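Per-entry structural report
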Number of protein chains: 2
Amino acid sequence: MADAVVAARRESIRKLAELKSPVPADIDVAQAATVVPIRTVAAACGLTEADYEPYGHYKAKVSEKVSEKLKAERGEGYYVVVAGINPTPLGEGKSTTTIGLAQAMGAHLEKNCVACIRQPSMGPTFGIKGGAAGGGYSQVIPMEEMNLHLTGDIHAIGAANNLLAAAIDARVFHELTQKDEALYDRLCPRKKDGTRVFAASMLKRLRKLGIDKTDPDQLTAEERAAFARLDIDREKISWRRVVDMNDRFLRKITVGQNPTEKGYTRETGFDITVASEIMAVLAMTTSLADMERRLGAMVVAPDMKGEPVTADDLGITGALVALMKDAIKPTLMQTLEGTPVLVHAGPFANIASGNSSIIADQIGRAMVGAGGYVLTEAGFGADIGLEKFMNLKCRSSGMKPHCAVIVATVRALKLHGGGPAVSPGKPLPHEYTNEDVELVKKGVANLTRHIENTKKFGVPVVVAMNMFPTDTEAEHAVIKEAAMVAGADDCVLCTHHAEGGKGAAALGEAVAKACEANAGADNFRLLYEGETSIKHKIETIAKELYRADGVSYSEQAEAKIAMFTEQGFGALPICMAKTQYSFSHDADLKGAPTGFTLPIGDVRCSAGAGFIVPLVGAFPTIPGLPTRPAYYEIGVDMETEQVLGLS
Amino acid sequence: MADAVVAARRESIRKLAELKSPVPADIDVAQAATVVPIRTVAAACGLTEADYEPYGHYKAKVSEKVSEKLKAERGEGYYVVVAGINPTPLGEGKSTTTIGLAQAMGAHLEKNCVACIRQPSMGPTFGIKGGAAGGGYSQVIPMEEMNLHLTGDIHAIGAANNLLAAAIDARVFHELTQKDEALYDRLCPRKKDGTRVFAASMLKRLRKLGIDKTDPDQLTAEERAAFARLDIDREKISWRRVVDMNDRFLRKITVGQNPTEKGYTRETGFDITVASEIMAVLAMTTSLADMERRLGAMVVAPDMKGEPVTADDLGITGALVALMKDAIKPTLMQTLEGTPVLVHAGPFANIASGNSSIIADQIGRAMVGAGGYVLTEAGFGADIGLEKFMNLKCRSSGMKPHCAVIVATVRALKLHGGGPAVSPGKPLPHEYTNEDVELVKKGVANLTRHIENTKKFGVPVVVAMNMFPTDTEAEHAVIKEAAMVAGADDCVLCTHHAEGGKGAAALGEAVAKACEANAGADNFRLLYEGETSIKHKIETIAKELYRADGVSYSEQAEAKIAMFTEQGFGALPICMAKTQYSFSHDADLKGAPTGFTLPIGDVRCSAGAGFIVPLVGAFPTIPGLPTRPAYYEIGVDMETEQVLGLS
């Protein structure tokens, strides 16, 4: 550990000994912190200058290639996933707990520790904001960089997504307005010497068509037409454009209305950038070559015969990789107490995996080495985030977690127990601000089901009770007892929001104990095999984890499942798109509901990211701005150039 | 000068002594180069670590604040603008000459020298590409970074532009669907203790309305309505969304078609990001505080009474500044021969200023210090780029150029002389590949008029004849004689594309001589005063520089001029939106046309950037992709991670 980092941590801890109560605004805590130059943090992680690129003085992009080298030198650290009970409007503090736990293990227990978290979208930063960099005395800094451009990964995803979108409409247009031979001659133009060659990017399409000729002049007229005409079904283009802002007026639009497009208008829409399949690819990929394969496999539309048209068919895969070659490198930052943090990817947790990237976790585990700890966060409740962590992320990476942390709060469990609804801006009903042991007893079933579910994967569970000032000991005792009965290894109270890493030291010790106890074991198992039918996989998740009685399928869902199976995508794992507020499909069914049938309305295929997405309900893929958006508060101090008003 | 830079330059020059002929592809030359770590380049420029932030090992963002400090220490260098004759499809090599000249002055003549160039849009990189980083042995490296994300400035502009766009439609929607009091209460919500305050960002609108109350509860019902209701004229919203891709299907679209938007659809469109007024603001601004003022002054639409609605009225200015706070810092890069280059801004040359930023030029002049040289490029032909450099950029910055370089080629002047049309991909007509002194004699009038025009600003001119292998001495002699008669200080042959800086050393000596001769003089003058009428300013440019007989105005143009004058924008300078291919409005009128009337079809106002834009014709503000876009060639080497196929 570099002396400068140790000194900075001591300084941070000394400052934190002068904790303010109540805790000041997040940005005030963050901007008052001691920030260690990122090269010092990197050196303390054992990275050489060739291993990373600085982006300013406090962020760096770490090469995706270092994990192999470091792993050979140091081995791999324990792998801990942090998940939560089903979220409520009260906030459970899952990100804050991940960061607080990292501070505890790194700065207080003096273990090698890295937290791996997702990059937040900028849309909500300017709309309705919930902190994405932790909160209170458990934060990633500089928090304003974390919440704004960071190192540009989301911008890169937006550019790649929109290049592909532009390519699709332009190709359709050129095919509609040109005859076969003209199209072919423009795709394979002659050089000044009269010869012509295929671009390397065209070879994949030629192979797909079963054409093994390499001289464009040797193709028959039929082969030329097949090569040049993708014959995209314009009515069924599934690839949408993206923007990283809450722009509700782009949800459904008509494009191509300028006379230059000759009347070929089409209805489509924008998603928010983090909902792009390219973001899902970034989170699931394991190397540059794997990313190239995944990007090329992305399906943008069916052709007129119903066959999938991919990025590879458009010859655009290499350009997408060129746009994404820096984004594949996670961003190294630090906590308020100098613990290294890798920020990478931020896929939607409903329509995508909701976890940070495999690559960041791989780098983190190699960076901390044997005996160290990587804490990685799974989005939403454990029924979604942790299930996808196991069945999608670990399936793809081959990594096996040593321990899962499940975060719960007294207040949220009261809501699961039938407490009155809460709404932002209105005073909390008294049940939440006064002791109510009975409500906690009723609600704790939500937590215990998550514990039982997690243990089905063969992973030990430590429960983190994230303390609020209005909690009582009797309420904590109810939670702890229920958690232990459900099979948790431990259930620990923590106060990291108000106290920083010190407040999560006991949690850190429990996590370390669980990991060490699990070190030699080989209990990890996935919930289903890929090689079963799509329906069987959906039903396994629905019955085993959600505890549904069964699953029903709309006609559309039935047809899509048949089509994807026919197209050869049946062996892909499942990425459920379900509300995060309940184990069921109904957000109002709090606690641990039973006796419901899970309705699948539609099914999508993310062939590049590598999963089938059953839709349990409809999900807005681009939020809107409220009447008073967060941007009213945001500004820059003209003297210090510090960003103001982020929360 | 740091030893490491000197050593690297010697190494580059040694390598260049082994020049290949014909010159290899740009990317091959660029990737074979010796790249100096950017911190070494920065140190050689006298920058301390606090003055810049590294972005990777070969790019850095330089604080906009260093110019004042360095200027006090070192004084300011000579200021040289590089412009060209009216462009032709043959390419004149203006960027390449700027870079070649920088290499000559920095690495061969051993002067302190910085080149200031624009950041290219990524759209054309994947569409139809002309190198934006120079070419041959005169390039900015790493060229793939230059042509892709660079340091994210264009992404920041896109985010800011689209946040503002989302805010406009969302605000209109909320005003359409809420009554005055509800709207006001949502804009100024009560805190838990029942009080409420205005956000700091709301004070500008209150002042504009003449309301000096600071307690939201003290406003009358009428004042509340006036504050809360911007009353934007939906039919006349001029602010458009942007994307940094060639996406022709977004030229004209209908938004708001999702049922959630309750039928409030609207026709609008996307521009390419570099056409955003925010890009124009970035190029014209002089400090963070000035940028804040300009962003706040941007007009997005008229209200129902015809009054301009601004970003300040939306309370969004601070958020725009937060998004743009890194983009205001120019990016430091280097030439193939280690000369520092500042890359910053890239506004369209027709609807905006077409020049790189004032801030980069200020930093550059302070960095090179007294006796050093800053070379800054002006887009398109000198009738547009150089005119805007003088009348817009220098007017705003107060800086005065010591010399103008005008780049010309034998081939392009032949085309201006009436040579046959050329089209890409077809063999060149023999006139261009064989001596034709008569054609050059006819075409040189295009060059001489640019020389005469430039001298009207009181600035000496050096002509750079950018040599092609098919040129002959007799043709060069014609150009030189005509240039000297027209008043050029010198006319120099250069071969930097094939030979690097060495090939522009004579040009460098001529430029140095012209600057030194002009050092003490105070001949610089602007073409018009701001405080005259809009029409008088337009007519001055049209008659003095374009040599039009007069100007005609459409009804729409007349109405807009009256409106902008009424709104108080009459004193702004003029940013002509005219074809770059001719002095006139007609691209086919080559050479030095006379006897035409300049037709103004429409007029816009860029109140934030600070100019009135008369439209002489229509300009596509987002290009399209051809049948075979450049992206077919682009990819990444999986081993080296180098980008392939950029040109």
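Everything numeric here is computed off the predicted structure, so don't read it as measured data.

Turning our eyes to something else, we now look at the overall build of chain A. The secondary structure content of chain A amounts to 24 helices and 24 strands. Taking 647 residues into account, the globule formula puts the C-alpha radius of gyration at 26 Å, and chain A, at 25 Å, falls close to it. Each of the three principal axes of chain A carries a C-alpha extent, and together these read 80 × 55 × 55 Å. Put simply, chain A has 647 residues, and 64% of those count as buried. Once local pairs closer than 6 in sequence are excluded, the contacts in chain A between residues at least 24 apart make up 75%. Carbon together with sulfur atoms contributes 51% to the accessible area of chain A, which is approximately 22,100 Å² in total. On chain A, the mean spot of the 70 positive side-chain charges and the mean spot of the 79 negative ones are 3 Å from each other.

What follows covers the packing of helix α19 (residues 437–456) of chain A against helix α23 (residues 534–546) of chain A. Residues and elements named next belong to chain A. Where α19 meets α23, the axes come as close as 10 Å, and the angle between the chain directions of the two elements is 130°. Classified by the angle between their axes, α19 and α23 sit oblique to one another. Across from Arg449, Asn453 and Lys456 in α19, the residues of α23 making contact are Glu544, Leu545 and Tyr546. Across the contact of α19 with α23, the residue classes tally to 2 nonpolar, 1 polar and 3 charged.

Further remarks concern unusual backbone geometry. Cis geometry marks the peptide bond from serine 21 of chain B to proline 22 of chain B; its omega dihedral reads 0°. Note on placement: proline 22 of chain B falls in the loop between α1 (3–16) and α2 (26–31). Look at the link from isoleucine 141 of chain B to proline 142 of chain B: it is a cis peptide, with omega at -5°. With respect to the helices and strands, the residue proline 142 of chain B is situated in the loop between β6 (138–141) and α7 (143–147). Backbone geometry at alanine 345 of chain A places phi at a positive 60°, although glycine is not the residue there. Taking relative accessible area as the criterion, alanine 345 of chain A reaches 2% and is therefore assigned buried.

Moving on, we get to helix α15 (residues 358–368) of chain B. All names here are of chain B. For α15, a buried count of 11 out of 11 residues is recorded, marking the element as mostly surrounded by other parts of the structure. For α15, the set of buried residues is Ile358, Ile359, Ala360, Asp361, Gln362, Ile363, Gly364, Arg365, Ala366, Met367 and Val368. Between the side-chain oxygen of the N-cap and the backbone nitrogen of isoleucine 359 there are 3.5 Å, and the N-cap of α15 in question is serine 357. At the C-terminal side of α15, glycine 369 shows a positive phi close to 70°.

It is worth spelling out the pattern of salt bridges at this point. Taken as a whole and assessed by the stated rule, the structure comprises 86 salt bridges over all chains. When the shortest N-O distance is used, the salt bridge between glutamate 64 of chain A and lysine 329 of chain A registers 3.3 Å. With glutamate 64 of chain A in the loop between β2 (60–62) and α4 (66–74) and lysine 329 of chain A in the loop between α14 (317–324) and β13 (331–335), the pair connects residues that are 265 residues apart, well separated along the chain. Accessibility classification places glutamate 64 of chain A together with lysine 329 of chain A in one group, the buried group. The closest approach of N and O atoms between arginine 118 of chain B and glutamate 377 of chain B, which form a salt bridge, is 3.5 Å. One end of the pair, arginine 118 of chain B, is in the loop between β4 (113–117) and α6 (122–126); the other, glutamate 377 of chain B, is in strand β15 (residues 373–377), and 259 residues separate them in sequence. Arginine 118 of chain B gets classed as partly exposed once you look at its relative accessible area, which sits at 21%. With a relative accessible area of 3%, glutamate 377 of chain B lands in the buried category. Through salt bridges that share partners, Glu64, Lys65 and Lys329 of chain A together with Glu641 of chain B make up one connected network.

Glancing now at the pairing of strand β21 (residues 602–606) of chain B. Residue and element names in this part refer to chain B. Extensive coverage of β21 is indicated by the burial of 4 of its 5 residues. Note: β21 against strand β22 (residues 611–615), 5 bridges, orientation antiparallel. Bridging from a neighbouring strand, aspartate 602 pairs with leucine 615 of β22. Here β21 folds back onto β22, and the loop between the two strands holds 4 residues, one of which, glycine 610, carries a positive phi near 95°.

As a further point, take the packing of aromatic side chains. Residues and elements named next belong to chain A. All told, the structure shown has 16 aromatic pairs over all chains when counted by the stated rule. Residues tyrosine 79 and phenylalanine 389 carry aromatic rings whose centres are separated by 5.5 Å and whose planes lie at 50° to one another, so their mutual orientation is tilted. Of this pair, tyrosine 79 sits in strand β3 (residues 78–84) while phenylalanine 389 is found in helix α16 (residues 385–397), placing the two residues 310 residues apart along the sequence. Judged on exposure class, the residue tyrosine 79 and its partner phenylalanine 389 are both buried.

On the chain A side, the residues contacting the 86 residues of chain B number 86 residues. Here chain B meets chain A over a buried area of about 7,800 Å², counting both sides, of which 60% is carbon and sulfur. The largest per-residue losses of area from chain B upon contact with chain A belong to Phe249, Thr627 and Tyr632 of chain B, which jointly make up 11% of the total buried on that side. Between the two partners, chain B and chain A, sit 12 salt bridges. Between the two partners, chain B and chain A, sit 47 residue pairs in polar contact (both at pLDDT 80 or more). Broken down by element, the residue count for the side of chain B that touches chain A peaks at 12 residues, all from helix α8 (residues 153–177) of chain B. A class-by-class count of the residues in the side of chain B that touches chain A yields 44 nonpolar, 18 polar and 24 charged.

Another aspect to go through is helix α9 (residues 180–187) of chain A. Residue and element names in this part refer to chain A. Along α9, the residues that are buried comprise Leu183, Tyr184 and Leu187. Each buried residue of α9 sits inside an arc of 95° when the element is viewed along its axis, so together they form one side. Contacts from the buried residues of α9 go to α8 (153–177) and α11 (221–228).

The next subject is the relation of the copies chain B and chain A. One copy of the chain maps onto the second through a rotation about an axis and a displacement along it. For the pair chain B and chain A, the relating rotation is 180°, the translation along its axis is 0.0 Å, and the fit reaches an RMSD of 0.0 Å. Here the transformation between the copies is reduced to the relation of a two-fold axis. Across chain B, the smallest distance between a C-alpha and the rotation axis is recorded for tyrosine 55 of chain B, namely 2.1 Å. Both copies contact each other with a shared surface, as 100% of the interface residues of chain B are interface residues in chain A too.

What follows concerns the environment of alanine 609 of chain B. Residues and elements named next belong to chain B. Looking at the element boundaries, alanine 609 is found in the loop between β21 and β22. Sequence-wise, alanine 609 and tyrosine 581 are 28 residues apart; in three dimensions their C-alpha atoms are separated by 25 Å. Not counting chain neighbours up to four residues away, the residues in contact with alanine 609 comprise Glu277, Ala280, Val281, Met284 and Arg294.

All names here are of chain A. Judged by how many residues are buried, strand β17 (residues 461–466) sits mostly within the fold: 6 of 6 residues are covered. Residues Val461, Val463 and Met465 line one face of β17 and the alternating positions Val462, Ala464 and Asn466 line the opposite face, and both faces are buried. Both strand β16 (residues 403–408) and β17 contribute to a ladder of 5 bridges, which runs parallel. By the bridge assignment for β17, isoleucine 406 is matched with valine 463. Where β17 meets strand β18 (residues 490–494), 5 bridges bridge the pair, whose relative direction is parallel. If you follow asparagine 466 over to β18, its bridge partner there is cysteine 494. Running through helix α20 (residues 473–485), the crossover from β17 to the neighbouring parallel element β18 is right-handed.

The next point concerns the domain arrangement of chain A. Residue and element names in this part refer to chain A. Split by domain assignment, chain A resolves into domain 1 (1–151 + 326–518), domain 2 (154–315) and domain 3 (534–615). Taken over C-alpha atoms, the centre of domain 1 sits 39 Å from the centre of domain 2. On the domain 2 side, the residues contacting the 29 residues of domain 1 number 20 residues. Both sides together, the interface formed by domain 1 and domain 2 hides about 1,900 Å², and carbon and sulfur atoms give 70% of it. Linking domain 1 with domain 2 are 0 salt bridges. Across the domain 1-domain 2 interface, the total number found is 7 residue pairs in polar contact (both at pLDDT 80 or more). At the level of secondary structure, the elements contributing two or more residues to the side of domain 1 that touches domain 2 comprise α6 (122–126), α15 (358–368) and α16.

Our next topic: the side chain of glutamine 362 of chain B. Residues and elements named next belong to chain B. One can find glutamine 362 in helix α15. Overall, glutamine 362 belongs to the buried group, its relative accessible area being 18%. When residues no more than four places from it in sequence are discounted, the contact partners of glutamine 362 are Ser67, Thr286 and Met399.

Parameters and conventions
Residues numbered from 1 in each chain as written. Chains lettered and ligands numbered in written order. Predicted model: local features only at pLDDT ≥ 70, side-chain atom pairs only at ≥ 80, totals over all residues. Heavy atoms only, no water. Helix = DSSP H or I, 4+ residues; strand = E, 2+ residues; numbered from the N terminus. Rg over C-alpha atoms; globule rule 2.2 N^0.38 Å. Buried < 20%, exposed > 50% of the residue type's maximum accessible area, 1.4 Å probe, protein only. Contact = heavy atoms within 4.5 Å. Areas by Shrake-Rupley, 256 points an atom, 1.4 Å probe, with all protein chains shown as cover. Lys, Arg positive; Asp, Glu negative; His and termini not counted. Charge placed at Lys NZ, Arg CZ, Asp CG, Glu CD. Axes fitted to C-alpha atoms, helices over the stretch in contact; angles between N-to-C directions. Parallel < 35°, antiparallel > 145°, perpendicular 65-115°, else oblique. Nonpolar A, V, L, I, M, F, W, Y, C, P; charged D, E, K, R; others polar. Polar contact = N/O pair within 3.5 Å; in protein donor to acceptor, adjacent residues only side chain to side chain. Salt bridge = Lys/Arg side-chain N within 4 Å of Asp/Glu carboxyl O. Pairing = 2+ DSSP bridges. Phe/Tyr/Trp six-rings, centres within 6.5 Å; stacked < 30°, edge-to-face > 60°. Buried area = accessible area lost by both parts, 1.4 Å probe. Arc of directions from axis to C-beta. Least-squares fit on C-alpha atoms with pLDDT ≥ 70 in both. Right-handed = clockwise from strand over helix to strand, strands pointing away. Domains from an automatic or database assignment.

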